Every structure is written in structure tokens, then in C-alpha cells.
Amino acid sequence: MWVIFKLPSPPAPHPTGVGRQAAPVVFSPLPLGEGPGERGNISPTLHHYPIFIILYLALLNIRSPKRRFVRWQSGALNSCVISPPVFLIEVFVNFATFEFVIFMIVVYLPYLVLPHRFQNYLLLVASYFFYGYWDWRFLSLLLFSTALNYVAALLIETLNDTHKRRLILIVTVVINLGLLGVFKYLGFFVDTMADFLQLLGLQPHLPVLHILLPVGISFYTFQAMSYTIDVYRKDLPATQNFWDFALYVSFFPQLVAGPIERATNLLPQVQKPRTITYDQICRGSFLILWGLFKKIVIADGVAGGVDQVYGMTTAQPTAMDIILATYLFSVQIYGDFSGYSDIARGTAKLMGFELMTNFNLPMFASSPREYWDRWHVSLASWLRDYLYFPLGGNRHGEWKAQRNIMLTVFLSGVWHGAAWNFILWGTYQGIMVCLNRLWFVARGVKPSRTSEPPTLNLTKIVQIFLFFQAVNYGRMLFRASSLDQVMNFTNTVFLDFTLHTSVNFSIPIATAIGIPLLFGLEAYQYVTNTPRYYQRWPLLLRTLLYASLIFLLMAGISNATQEFIYFAF
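Here the structure is a predicted model, which is why all the values come from computation and not from measurement.

K.L.:
With reference to specific residues and values, describe the overall build of the protein chain.
P.N.:
When helices and strands are counted, the protein chain shows 19 helices and six strands. Carbon together with sulfur atoms contributes 68% to the accessible area of the protein chain, which is approximately 24400 Å² in total.

K.L.:
Could you give an account of the packing of helix H11 (residues 319–350) against helix H16 (residues 458–479), with specific residues and numbers?
P.N.:
Where H11 meets H16, the axes come as close as 9 Å, and the angle between the chain directions of the two elements is 85 degrees. Classed by the angle they form, the pair H11 and H16 counts as roughly perpendicular. Two secondary-structure elements touch here, H11 through Thr326, Tyr327, Phe329, Ser330 and Ile333 and H16 through Phe468, Gln469, Asn472, Arg475, Met476, Phe478 and Arg479. Of the residues belonging to the contact of H11 with H16, the class tally is six nonpolar, four polar and two charged.

K.L.:
If you had to explain the packing of helix H4 (residues 139–158) against helix H7 (residues 217–232) to someone new, which residues and values would you point to?
P.N.:
Orientation of H4 relative to H7, taken along the N-to-C sense of each, is 10 degrees, at an axis distance of 8 Å. As summarised for this structure, H4 and H7 are arranged roughly parallel, according to the angle between their axes. Across the interface between the two elements, Leu141, Leu142, Ser145, Asn149, Ala152, Ala153, Ile156 and Glu157 from H4 touch Ile217, Tyr220, Ala224, Met225, Tyr227, Thr228, Val231 and Tyr232 from H7. Grouping the amino acids of the contact of H4 with H7 by side-chain chemistry returns twelve nonpolar, three polar and one charged.

K.L.:
Describe the environment of phenylalanine 103, with residues and values.
P.N.:
With respect to the helices, strands and loops of the structure, phenylalanine 103 is situated in helix H2 (residues 98–113). Its relative accessible area of 8% is what places phenylalanine 103 among the buried residues. Filtering out sequence-adjacent residues up to four positions away, phenylalanine 103 remains in contact with Ala126, Phe129, Phe130 and Phe252.

K.L.:
An account of the side chain of asparagine 436 is needed here, citing residue identities and associated values.
P.N.:
Mapped onto the elements, asparagine 436 comes out in helix H15 (residues 420–443). Setting aside residues up to four positions removed in sequence, asparagine 436 forms contacts with Ser367, Pro368 and Arg369.

K.L.:
Tell me what's going on with the pattern of salt bridges, and back it up with residues and numbers.
P.N.:
Tallied over the full model, the rule gives 13 salt bridges. A salt bridge links aspartate 336 to lysine 295; the shortest N-O distance between them is 2.8 Å. Pair noted here: aspartate 336 is in helix H11 and lysine 295 is in helix H10 (residues 278–310), with a separation of 41 residues, a long-range link. We classify aspartate 336 as buried; its relative accessible area is 2%. Across the pair arginine 479 and aspartate 307 runs a salt bridge whose closest N-O atoms are separated by 2.8 Å. One end of the pair, arginine 479, is in helix H16; the other, aspartate 307, is in helix H10, and 172 residues separate them in sequence.

K.L.:
Before we move on, can you summarise the nonpolar core with the specific residues and values?
P.N.:
By size, the foremost hydrophobic cluster in this structure holds 147 residues, and its most contacted members are Leu123, Phe222, Tyr227, Phe251, Phe353 and Tyr566. The contacts of leucine 123, once residues within four sequence positions are left out, are Val107, Tyr111, Leu247, Phe251, Phe252, Arg274, Met351 and Phe353.

K.L.:
Describe in detail the packing of aromatic side chains, supporting the description with residues and values.
P.N.:
In this structure the tally under the stated criterion is 51 aromatic pairs. Taking the centre distance of 5.9 Å and the plane angle of 65 degrees together, the rings of tyrosine 473 and phenylalanine 494 count as edge-to-face. Taken as a pair, tyrosine 473 in helix H16 and phenylalanine 494 in helix H17 (residues 483–495) lie far apart in primary sequence, 21 residues in all. Ring pairs connect the aromatic residues Phe329, Tyr334, Phe337, Phe359, Tyr371, Trp372, Trp375, Phe422, Trp425, Phe467, Phe478 and Phe519, which therefore count as one cluster. Positioned above the aromatic ring of phenylalanine 564 is the side chain of lysine 295, whose terminal nitrogen or guanidinium carbon lies 4.7 Å from the ring centre.

K.L.:
Give a description of the side chain of glutamine 402 that names residues and reports values.
P.N.:
Within the fold, glutamine 402 resides in helix H14 (residues 398–416). With relative accessibility at 13%, the residue glutamine 402 sits in the buried group. Polar contacts involving the side chain of glutamine 402 include one to the side chain of glutamate 398, which spans 2.9 Å. With residues up to four places along the chain from it excluded, the contact list for glutamine 402 reads Cys434, Arg437 and Leu438.

K.L.:
Describe the environment of threonine 347, with residues and values.
P.N.:
Tracing the sequence through the fold places threonine 347 in helix H11. C-alpha of threonine 347 to C-alpha of isoleucine 281: the two residues are 66 residues apart in sequence and 9.1 Å apart in space. Setting aside residues up to four positions removed in sequence, threonine 347 forms contacts with Phe100, Met104, Phe252, Pro253 and Ile288.

K.L.:
Describe helix H3 (residues 116–132), and please don't skip the residues or the numbers.
P.N.:
If you check H3, its first and last C-alpha atoms are 24 Å apart, about what 17 residues at 1.5 Å a residue would give, namely 24 Å. Where H3 is concerned, the buried positions are His116, Gln119, Asn120, Leu123, Leu124, Ala126, Ser127, Tyr128, Phe130, Tyr131 and Gly132. Contact partners of the buried residues in H3: H2, H4, H7, helix H8 (242–250) and helix H9 (263–271).

K.L.:
Account for a nonpolar patch on the surface, with residues named and values stated.
P.N.:
Judged by side-chain polarity, Phe98, Ile102, Ile105, Val106 and Leu109 come together as a nonpolar surface patch covering roughly 450 Å² of accessible area. Relative accessible area serves as the criterion here: at 53%, leucine 109 is assigned to the exposed category.

K.L.:
Describe unusual backbone geometry, with residues and values.
P.N.:
Despite not being glycine, leucine 361 has its phi angle at roughly 55 degrees, a positive value. With respect to the helices and strands, the residue leucine 361 is situated in the loop between H11 and helix H12 (368–374).

K.L.:
How would you explain the environment of tyrosine 533 if you had to name every residue and give the values?
P.N.:
Secondary-structure assignment places tyrosine 533 in the loop between helix H18 (509–528) and helix H19 (539–556). Residues tyrosine 533 and leucine 521, spaced twelve residues apart in sequence, show a C-alpha to C-alpha distance of 8.9 Å. Excluding its chain neighbours within four sequence positions, the residues that come into contact with tyrosine 533 are Leu521, Tyr524, Gln525 and Thr528.

K.L.:
Explain H11 to me, and be specific about the residues and the numbers.
P.N.:
Here H11 spans 46 Å end to end across 32 residues, near enough to the 46 Å set by a 1.5 Å rise per residue. For H11, the tally of buried residues reaches 29 of 32 residues, placing the bulk of the element in the interior. Trailing H11 by a residue or two, glycine 352 shows a phi angle of about 90 degrees, which is positive.

K.L.:
Tell me about the confidence of the model for the protein chain, and name the residues and values.
P.N.:
The predicted model of the protein chain has a mean per-residue pLDDT of 80, with 78% of residues at 70 or higher. A low-confidence stretch, residues 1–92 (pLDDT under 50), is modelled with 246 contacts involving residues beyond four sequence positions or located in other chains.

Rules used in this analysis
- What you see as residue numbers is a count from 1 along each chain, following the sequence as written.
- Thresholds applied to this predicted model are a pLDDT of at least 70 for local features of residues and 80 or more for the giving and counting of side-chain atom pairs; totals over whole chains, interfaces and linings are not thresholded and use all residues.
- To get the side-chain values, all heavy atoms of the structure are used, and hydrogens and water are removed first.
- By definition, any uninterrupted DSSP run of H or I lasting at least four residues is a helix, any uninterrupted run of E lasting at least two residues is a strand, and each is numbered from the N terminus.
- Here, Shrake-Rupley sampling with a 1.4 Å probe gives the accessible areas, and only protein chains in the shown set may cover a residue.
- Interaxial angle, 0 to 180 degrees, is taken between N-to-C directions of lines fitted to C-alpha atoms, where a helix line uses only the stretch in contact.
- Each angle receives one of four descriptions, namely roughly parallel if under 35 degrees, roughly antiparallel if over 145, roughly perpendicular if within 65 to 115, and oblique otherwise.
- Any two residues whose heavy atoms approach within 4.5 Å at even a single point are treated as in contact.
- Side-chain classes are defined by residue name, with Ala, Val, Leu, Ile, Met, Phe, Trp, Tyr, Cys and Pro counting as nonpolar, Asp, Glu, Lys and Arg as charged, and the others, Gly among them, as polar.
- Think of it in three bands: residues with accessible area under 20% of the maximum for their type are buried, residues over 50% are exposed, and the middle band is partly exposed, with areas taken using a 1.4 Å probe on protein chains only.
- Each reported salt bridge corresponds to a side-chain nitrogen of Lys or Arg within 4 Å of a carboxyl oxygen of Asp or Glu.
- The nonpolar core is taken to be a set of buried Ala, Val, Leu, Ile, Met, Phe, Trp, Tyr and Cys residues, with the residues joined through side-chain atoms within 4.5 Å.
- In this scheme Phe, Tyr and Trp rings, the latter by its six-membered ring, pair at centre separations within 6.5 Å, and the angle between planes marks the pair as stacked below 30 degrees, edge-to-face above 60, and tilted otherwise.
- Distance and angle both matter: a charge sits over a ring if NZ of Lys or CZ of Arg is within 6 Å of the ring centre and within 35 degrees of the ring normal.
- Under the rule applied, a polar contact is a pair of N or O atoms within 3.5 Å (in protein, one hydrogen donor and one hydrogen acceptor; residues adjacent in sequence only if both atoms are side-chain atoms).
- Expected helix span is computed as 1.5 Å times (number of residues minus one).
- Patch members must show over 30% relative accessible area and no salt bridge, and they are joined within 9 Å when carrying like charges or within 5 Å when they are nonpolar side chains of Val, Leu, Ile, Met, Phe, Trp or Tyr.
- Along the chain, pLDDT gives the predictor's confidence residue by residue, from 0 to 100.

Quick look at the structure:
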């Protein structure tokens, strides 16, 4: 069953490349959906409901296990051809595949009975297998990054000379960023230099580089590097156990697409025996179910309409085509990336780990500042703590504060990839954040934090709606495949606006039902300011929620499988 927005036959779609001592195992007697101190009088048979959810997930996750190759290549800008490296990414164990279910069963069952030290060894082997399943050769990069930062932190901690400590830190950071630069940006810089020299009338003979991009290199590089910086700052002691540190860097739930964990949070959880509580199993199971719902039902359900417009090579989309496709892409990338983060957090909870929240209702942001407090929180906070504050933050006058903001947000765009659309996206986001700060400074008002009690009155709704439009232009920059497409789409939307569409935006019925359900539940969470809102519901209402998500997930299995977007970063 499908919901059809428009009936005329669409042009043939052109998919783009955008689319990872004994430890006590304690099951505390908490009913489903109840946190500590909130015990209820529920039948003991319902205590096993999370197990049913996990079994359902095992059945529902049976999707096509075939591997795919994703090919990224930008186009041309007028006569200047800009051709960054082509990345061939073979996607390995995906959270939304039957392979991952088998993988989790094989890992999780022995994990529950092993003592703490052997739990860590098991997780380390599992994490390296998880990553090596994609391409075992790149395990050497992961191991090198781990060894480099482990040794550097030990040297920094043993030295008393400030200059030597700083020198080791600088060398380590340069090597980390150098590796990231070679694999992620070298080809782009070589091609851009060749194009620039051609504009000057020269005929350079530079090599055309086709570099295989290691999956998740941006995530584990930043995570390993933050540990060395924290040891330098004396925020935590350097660990003596290499295997614990290796597990911190390579922990498979968040290895390839985050969240980017801090050593101050995750490393102590690796080093100490973990207790798995019934509450963690309940919450973890729900997060996995919720994440799969976001990914399979929402993100995969709208991907086809997005690809039709952004993949056009022969026809010209109308302004309404571009606007609708961009709205759908906002839904897609949120469902895709936040869905991955939810599954990662849920999987970690089942093993007794607590990962940071990477998305905090970003669709309800009403300003650029608030948006970056809610979207990809692990990256935004990483750049704030390890770049913005070291640059001086806002401590040295308004001009330098604006400079530091612009540089920090701009680099968030560069972090995503070596392509002009990411550079434009980072610049656009930086301008918005700077203007937002100037607005508050001019009014003498201090911007609110997301921790303050939320409101959803008419004024707030209008602010959210207007800011969402500004965010969506940035989404268009992010999703575009070339500078030429950016210019073409911008010109069409703002100068050649038409109200008709030339593309059929057909959405599966499960997705059409799931989108309002997703944002309705998130609106309720926003207003009540309770992430575990469903735990306070009566048993019948909670059961209805779980059953609805499972039913929609069953229906959404027929959606065309799409790899997680952030596997490409």
C-alpha cells in the first residue's frame, strides 16, 4: 500500500552515493517501562516483555544481506571541473540486517556469563571482527591510531617538562589529523589544485587519486585523539592497560557512526565491572526498537523520493520538487542518523554501558545555537571543547568570539567530507550561528539553554517553523552532489518558483503513518521534558505503543534497503 502525492509517471530515478574479578550480571525486579524507584504492580509474565521485543527484532531484522558499493563523485562548476576522489564503500555488518542479529546473539550470550576481564576481551575481538568484516586491511589503521594515542598519553603523563608534554601532544594530533587527511581529503586537494592550475593556463600532470575511505575513520580518530588531549589536560589519568584502551576506541556499537564518546565517560565503564540491570534491558530494548523504526520505516521509506530529485541528470526538477525532496531529506537524515545512535545506545545498554545522547529533539530547535545543542551533540560538544575553547571562546572580545565560532562551525562541515558542498554547508551554518549570537548581543539577551523548561506556544511554534526553513536550505547544500547542482537548485527555488511537481513522491503507507507518529511522540517528549515519557503511561497504553512500533516495523521491511548515511563519514 502506498500514499501517492502525484499521479503522473516520474522520470527514471538516478540514485546518488549518499546513501558503522567476575562482573555480576544482575536483573533487578523492575517491570517494563519503570525506572528505579518506580516499581509497579504488574504481572510477572510481563517482566519478560523485553525478551519478546528482542525476539521480534531478530525476526523483523531479516533484510537482504547482500553487500553494496557506494560511489561518490561531485560534478563540475561551469568550466572548472572539481573531481574529488571516488570512494567505494563496501558496507559490512549493518544494524538493520539479519547478519547483525546473528552477530549479537553470538557475542551477547557468552558475554552474560563471562567475568569482567573476559567480557572485555570478548568485546574487543567482536569489535575488531565487526570492523574487519568490511575490509580487514583497515584494521591496521584502527590499531595504529589506538597504539599511537595510548603510547603518547603514557609519555605525556610520565613527563614533567611542560614543553616536552606539549610537543608530544602536537606531534600526536598532527599524525592523527594527517592520517585522516590522507584518506579523506588528499584526493580532493590534488584535484582542486589541478583545476586551479588549469584556470591559470598551466597543464599540470597530477595523479588522479581514487582513495578507499575507511568506514568510521572520522569517528574513531576524534575519539582516540580526545583521550590524549584529556590526559594532557590532566582530566583523567592515562590507562596502563592497552586492551582496555583498545576497547574504548573500537567499541563496536558506536565505532563507525558515533556517538563520539569521551574517555572520561566510556573508559571507566570499560575498566570497571559492569552490572546489567533490568531497567537497562528495558530501556535498551526500547531504544533498539525505536531506532529501527526511525531507520527502516522513516528514513528508508522517504529515501526514494529524495534520490529521484537529487539524482536527476537529464531532466530539470521544479522548485516544488526540490523543496519537497529537501523536506524529505531532513526527515531521512534525522531518522537515519538518530536511529543509528539509538540502536548503538540500546545495544550498549544491553551490555551494561551508558553512551551519551547524540540527538535531543533537534526538529524542535528554534535558533542556530539551540540546534547545535540538539543535533549531533557528540560532534558539536567535541568541537566546542577541543577547538572553540582552546581558541579562546568568547573570552577575548566579540570579534574574536565571532571568528572562533565561524572557524569551529566551518570545520564541522569539513569534518563531514572533502567536497565543496560540505564546505558551503559549514560556511552557511557558521554564518547562521554568528548572526544568531550578534542578535542576542545587540538585544542584551542571554540565549536559553536546552536544559531549561521547554515551551510550545504559538510564538515558539512560529520560531521553530521559520528556523526549520533556514535549516532546510543547509540540508540542500549538504545533500547536493556538486556545486553545479547547488547553484542550479538555488536558482530554481528562489528565482524560478513553480507550484507543480514533475516527480511522483510516493511514500509507503507505514512511513506515512510513522512520520506523524514520530514527531507526535517527540512533541509530547518535548513538552513534558521527559525522555522516558512512555514509562509513565498506563500498561495498556505502553503495550499499544510497543505493538504499534512493531507492526509498523513489520510493514516497513518491504522498504528498499538504504545503508546508514553516516557510514560515509
